[in-house]
Amino acid sequence: MLRVIGSAWALLLGMMFLMVGNGMQGTMMGVRGAIEGFTTFELSLITSAYFLGFLGGSRLAPDFIGRVGHVRVFAALGSFVSAALILYPAVTYPWAWILLRIVVGFCFSGLYVTAESWLNNAASNETRGQTLSLYMIVQMLGIVTAQGMLNVADPGGWMLFVIPSVLVSISFAPILLSVAPTPSFETTKNMSLKTLYNFSPLGFIGMFLLGSIFAAQFGMSAVYATQVGMSVGQISIFISSIFVGAMLLQFPIGIMSDRMDRRILIIGVAVGGALAAAFGWMFSGQFWPVCVAGFVLGGMSNPLYALLIAYTNDYLEPDDMAAASGGFLFINGLGAVGGPVLIGWIMTTFGADGFWLVIIVLMSAIGIYGGYRMTQRVSLYVEEADEYEPVPYAPVTSAGMAIAAEVAQEFYTDADDEDENWGWGSDLRE
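Just so you know, these numbers come straight off a predicted model, no measurement behind them.

The rules behind the values
- Residues numbered from 1 in each chain as written.
- Predicted model: local features only at pLDDT ≥ 70, side-chain atom pairs only at ≥ 80, totals over all residues.
- Heavy atoms only, no water.
- Axes fitted to C-alpha atoms, helices over the stretch in contact; angles between N-to-C directions.
- Helix = DSSP H or I, 4+ residues; strand = E, 2+ residues; numbered from the N terminus.
- Parallel < 35°, antiparallel > 145°, perpendicular 65-115°, else oblique.
- Left-handed = near helix turned anticlockwise from the far one by under 90°.
- Contact = heavy atoms within 4.5 Å.
- Nonpolar A, V, L, I, M, F, W, Y, C, P; charged D, E, K, R; others polar.
- pLDDT = per-residue confidence, 0-100.

## What about the packing of helix H2 (residues 40-68) against helix H8 (residues 201-227)?
Argument step 1. Contact pair H2 / H8: the axes reach a minimum separation of 10 Å and the direction vectors enclose 155 degrees. Between H2 and H8, the interaxial angle falls into the category roughly antiparallel. For the element pair H2 and H8, the recorded crossing hand is right-handed. The residues of H8 that touch H2, namely those facing Thr40, Leu43, Ser44, Thr47, Tyr50 and Phe51, are Ala215, Phe218, Gly219, Met220, Val223 and Gln227.
Argument step 2. When the residues that make up the contact of H2 with H8 are grouped by side-chain class, the tally is seven nonpolar, five polar and no charged.

## Here's the deal with the environment of leucine 329
Argument step 1. Secondary-structure assignment places leucine 329 in helix H13 (residues 318-350).
Argument step 2. Residues leucine 329 and phenylalanine 208, 121 residues apart in the sequence, show an inter-C-alpha distance of 9.3 Å.

## Regarding the confidence of the model for the protein chain
Argument step 1. On average, residues of the protein chain score 80 in pLDDT, and 77% of them are at 70 or above.
Argument step 2. Averaged pLDDT values for the elements of the protein chain fall to 29 in helix H17 (residues 426-429) and rise to 95 in helix H11 (residues 262-282).
Argument step 3. Here residues 400-404 scores under 50 on pLDDT; set against residues more than four positions off or in separate chains, the count is 20 contacts.
Argument step 4. Taken as a whole, residues 418-430 scores under 50 in pLDDT and shows 26 contacts with residues more than four places along the chain or in a different chain.

Structure follows, in structure tokens:
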């Protein structure tokens, strides 16, 4: 672990600053939007706009990098992000925020691709699993830290938009001044959505539904918290609870994933998320019970992303894994674009508690569909009995971009080829 930190500390530090900046602006949309008098549906469109831009950037950023190189793309996109963050409080109109969010989402996707290319280049076969784990932990820590920084200034002023702009600008320094050589960039081969669905209907449908859940956690949770009367400090704690749960429960769920039929675990995790949302709905407006619900929900939903990828990889050849992961990123993004609009409409119709109701339905749908799929396909545990060795679980989250997914796939392949346990086990603790 120390060797990984020593070789990639600049990249990880830069990504930490990026995630703090992104986490702050994500939460501030809900808080400041309420102050400006935006409706719930308008805020849902603003939330969706980020994921729409993010989805477009994930498809186009690799082409930009191939044409002009990592350094120019990173500097250009970072400049646009800093400018957009400053403009939020200057043009407080829903249509303007929608456009700015599309720009920010597009640029952040390109920033992730660029930074993660360096990270992938810095990792060796021996450190790839640890590097991926550490990268995901840094992402979560950045988002949690962002929530704490919401308390340093008045959300009705400029300062909470200036701070993430500065942090995004600072994040360029350790990455652009890194002594590591500029990595080569090769786009992942494509896999049609139909082919991906045929490999794993459960992974395909589950990933789409999960995109809507992630969008709710990242964007609409602050809107919900504002509507039930939480203070800025309480909102930051509530949202932090979601990501702390995501970070801590990766460990036990990852260990269980490599030791049992993953479909059973996927169903169990989805049901656990639905029960957590039901608990939040029952005690809506009561601060600490809602935080407990957020903790469990985050701890169920985020590992579910990696579970669906790992389950699908059990049926793939190593050469197809990166393409499948790229397809899942796209499917997850489609769900994230539509999710906030659905939740915004439900919250407008039924009130703030609609936030929990939509998550209950979506999580339950994943669990029910998982149960149905168990009746349609015999488990590899049954088909191959003692000969079956599952692809190791890797802590991939939806915040990662295509390059992080490729790191994970190389991690899977290396672990399979070398017959070693690269997961959240002994190697990570050393």
